[in-house]
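Observations on chain architecture
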Amino acid sequence: MENNTKLYIVSFGDSRKYRLAFVEKEAADGLHHSDLSPLASIERELNDYLATLFPDGNFAYFTSPRVTEVEWEHRDRYKDYPLLDADAVEEIKGVLAKEVRDMESNRVLNSDAPYSDVVGG
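Residues numbered from 1 in each chain as written. Predicted model: local features only at pLDDT ≥ 70, side-chain atom pairs only at ≥ 80, totals over all residues. Heavy atoms only, no water.

Points about the overall build of the protein
What counts, and what does not: The helix count covers DSSP runs of H or I at least four residues long, the strand count covers runs of E at least two residues long, and both are numbered beginning at the N terminus. Under the scheme applied here, a residue whose accessible area is under 20% of the maximum for its type counts as buried, over 50% as exposed, and between as partly exposed, the area being computed with a 1.4 Å probe on protein chains only. We call two residues contacting when some pair of their heavy atoms lies within 4.5 Å. Only the protein chains shown count as cover for residues, and all accessible areas are computed by the Shrake-Rupley method using a 1.4 Å probe.
Counting secondary structure elements, the protein contains three helices and five strands. For the protein, the proportion of its 121 residues judged to be buried stands at 26%. Look at the contacts in the protein between residues 6 or more apart in sequence, and 66% of them connect residues 24 or more apart. In the form shown here, the protein has an accessible surface area of approximately 8,400 Å², with 51% of it arising from carbon and sulfur atoms.

In structure tokens, the structure reads:
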């Protein structure tokens with residue numbers, strides 16, 4: 001019997017990497033598809049969270065998941081990676097908030113730098 005479980009390694013921004021497993025489902029077209037919709041809901045949750053902290057920000061770089069599929073036969077190599085669960089999402093929120101805060105601080109420092117308002121001519 002064929003194993004229809006797929007393993008993915010997922011990260012957001014500079015967060016840790018997490019394991020996420022899905023069971024492929026056969027669609028009406030006869031093809032197998034992985035239901036990655038939980039990643040979309042996590043991405044929305046992260047965007048909403050960051051928007052409460054930084055209302056004027058654009059967080060696509062930070063909240064877009066980076067996903068790598070792993071061959072099921074190699075799953076033991078990734079057994080030490082934490083699962084992408086509700087606790088992991090809370091941890092990711094903290095990491096991303098720090099990243100955005102650091103980015104904002106650097107932007108302010110750069111705009112306060114000497115010659116920051118010099119217009120070429």
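Here's the deal with the side chain of Ser11
Note that Ser11 resides in strand β1 (residues 5–12). The buried category is assigned to Ser11, whose relative accessible area is 8%. What Ser11 contacts, discounting residues up to four positions off in sequence, is Arg16, Lys17, Ser64, Pro65 and Arg66.

Observations concerning the environment of Ile42
Among the structural elements, Ile42 can be located in helix α1 (residues 37–53). Residues Ile42 and Ala86, spaced 44 residues apart in sequence, show a C-alpha to C-alpha distance of 9.3 Å.

A few points about the nonpolar core
Note the following rule: To qualify as a nonpolar core, a set must consist of buried Ala, Val, Leu, Ile, Met, Phe, Trp, Tyr and Cys residues joined through side-chain atoms within 4.5 Å.
By size, the foremost hydrophobic cluster in this structure holds 20 residues, and its most contacted members are Val10, Phe12, Leu46, Leu50, Leu84, Ile92 and Leu96. A total of six residues in this core trace back to one element, the largest contributor, which is helix α3 (residues 86–111). In this structure, Leu50 is in contact with Phe59, Thr63, Leu96, Ala97 and Val100, ignoring residues within four places of it in sequence.

So, the pairing of β1
The test is simple: Criterion used throughout: strands pair if DSSP finds at least two bridges between them.
For β1, a buried count of seven out of eight residues is recorded, marking the element as mostly surrounded by other parts of the structure. Pairing of β1 with strand β2 (residues 18–23), which is carried by six bridges, proceeds in the antiparallel orientation. Bridging across to β2, Thr5 finds its partner in Val23. Linkage of β1 to β2, two consecutive antiparallel strands, is achieved through a turn of five residues, within which Gly13 is found at a positive phi near 55°. With six bridges joining them, β1 and strand β5 (residues 65–70) adopt antiparallel strand pairing. Among the inter-strand pairings, Phe12 is bridged to a residue of β5, identified as Pro65.

Comments concerning the sheet that holds β5
Two strands in a sheet stick together by hydrogen bonds in their backbones, pointing the same way (parallel) or opposite ways (antiparallel). This is how the line gets drawn: Convention adopted: a line fitted to C-alpha atoms gives each axis, helices being fitted over their contacting stretch, and angles between N-to-C directions are expressed from 0 to 180 degrees.
Spatial ordering of the open sheet is given by β2-β1-β5, a layout of three strands whose pairing is antiparallel. Because the sheet does not close on itself, it has two edges, and the strands there are β2 and β5. Each strand axis lies, on average, 30° off the axis of its neighbour in the sheet, ignoring direction. Where α1 meets the sheet, its contacts fall on β1, β2 and β5, and the angle it forms with β1 comes to roughly 15°.

Some words on α1
Note the following rule: Here, expected helix span is obtained from the residue count minus one, scaled by 1.5 Å. The arc in question is the one traced by the directions running from the helix axis out to the C-beta atoms.
End to end, α1 covers 25 Å across 17 residues, agreeing with the expected 24 Å (1.5 Å per residue, within 8%). Every buried residue of α1 is listed here: Leu39, Ile42, Leu46 and Leu50. Along the axis of α1, the buried residues cluster in a sector spanning 65°; they form a single face. Opposite the buried face of α1, at more than 90 degrees from it, the exposed residues are Arg44, Asp48 and Thr52.

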